[in-house]
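The primary structure of each chain is shown beneath.
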Amino acid sequence: MSRIGRLPVTVPAGVTVEIAENNKVTVKGPKGTLVRELPAEMEIKLEDGKVVVTRPNDLKKMKSLHGLTRTLINNMVVGVSEGYEKVLEVNGVGYRAAKSGNKLTLSLGYSHPVEMIDPEGIETVLDGQNKITVKGIDKEKVGQYAAEIRDKRRPEPYKGKGIKYADEVIRRKVGKTGKK
């Protein structure tokens, strides 16, 4: 049995879960609404404030879809009740971030500033000039946008310059030594 798949998803107060045909799940909460169509083979039921996912048989594909479906529903419930956020740090001399409206402007040592517009449902908040917090209710979109920001200048292993996640550890390398 899928250990994750068989765990029921508890629905907190203030969150409503609706299951339509074709496993179209709508989750409404204080932070917003998320809609997602989940694999049709899975059976999703709402039982006394808990969402239970069951699978039809023990084929390998069904086993893998079981845990995935449960996790996706759980991520939606957590998203509309608490929201998700990822923190990025900009390190390097002259590297900085600025925000105007929904446009994020990054100065990363290129000949031009890099401009990024926040996607729908995602918000970026600056803390000083070198801390970017990406917030939203959809875990997938938050992670994707944070990865896109990081890709503009990945951290390099010698001085650690670039954009990194706040919890990321950069493996440092020793630079070359001068000849005597």
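Bear in mind the structure is a predicted one, so any value in this text is a computation, not a measurement. (Residues numbered from 1 in each chain as written. Predicted model: local features only at pLDDT ≥ 70, side-chain atom pairs only at ≥ 80, totals over all residues. Heavy atoms only, no water.)

Observations concerning the pattern of salt bridges
Which entries qualify depends on this criterion: Salt bridges, as used here, are contacts in which a Lys or Arg side-chain nitrogen is within 4 Å of a carboxyl oxygen on Asp or Glu. Secondary structure elements follow DSSP: runs of H or I no shorter than four residues count as helices, runs of E no shorter than two count as strands, and numbering proceeds from the N terminus.
Counted according to the given criterion, the structure contains nine salt bridges. The salt bridge partner of K28 is E18, with a shortest N-O separation of 3.5 Å. Placement of the pair is K28 in strand β3 (residues 24-29) and E18 in strand β2 (residues 16-20), with a sequence separation of 10 residues.

Let's talk about helix α1 (residues 60-81)
Under the convention used in this document: Given a helix with a known number of residues, its expected span is that number minus one, times 1.5 Å.
The terminal C-alpha atoms of α1, which comprises 22 residues, lie 33 Å apart, in line with the 32 Å expected from a rise of 1.5 Å per residue. Where α1 terminates, the next one or two residues include G83, which has phi positive at roughly 90 degrees.

Quick word on the nonpolar core
Counted only if it meets this: Joining through side-chain atoms within 4.5 Å is the link that ties buried Ala, Val, Leu, Ile, Met, Phe, Trp, Tyr and Cys residues into a set, and such a set is a nonpolar core. Note on exposure labels: buried denotes an accessible area under 20% of the residue type's maximum, exposed denotes more than 50%, and partly exposed covers the range between, all computed with a 1.4 Å probe on protein chains only. By the convention used here, residues are in contact when the closest approach between their heavy atoms is within 4.5 Å.
Counting 20 residues, the largest nonpolar core has V17, V25, V27, I44, V51 and I73 as the members making the most contacts within it. Put simply, the parts of the chain that give this core at least two residues each are β3, β6 (50-54) and α1. Here the element with the most residues in this core is α1; it accounts for seven residues. Discounting residues that sit within four places of it in the chain, I73 has contacts with V9, L38, I44, V51 and V53. Among the nonpolar cores identified, the runner-up in size contains 19 residues, and L88, L108, M116 and I122 belong to it.

So, the side chain of H66
In plain terms, the rule: N or O atoms within 3.5 Å of each other form a polar contact, as long as, within protein, one can give a hydrogen and the other can take it, and as long as residues adjacent in sequence are counted only when both atoms are side-chain atoms.
Tracing the sequence through the fold places H66 in helix α1. Within the local environment of H66, its side chain forms a polar contact with the backbone oxygen of V53, the two atoms lying 2.9 Å apart.

A word on the pairing of strand β7 (residues 84-91)
Counted only if it meets this: The pairing criterion for strands is at least two bridges between them, as found by DSSP.
The sheet contact formed by β7 and strand β12 (residues 131-136) spans six bridges and is antiparallel. Pairing of L88 across the sheet is with I132, part of β12. Bridge analysis of β7 against strand β13 (residues 162-165) gives four bridges, and the strand direction is antiparallel. Looking across to β13, one finds that L88 is bridged to Y165.

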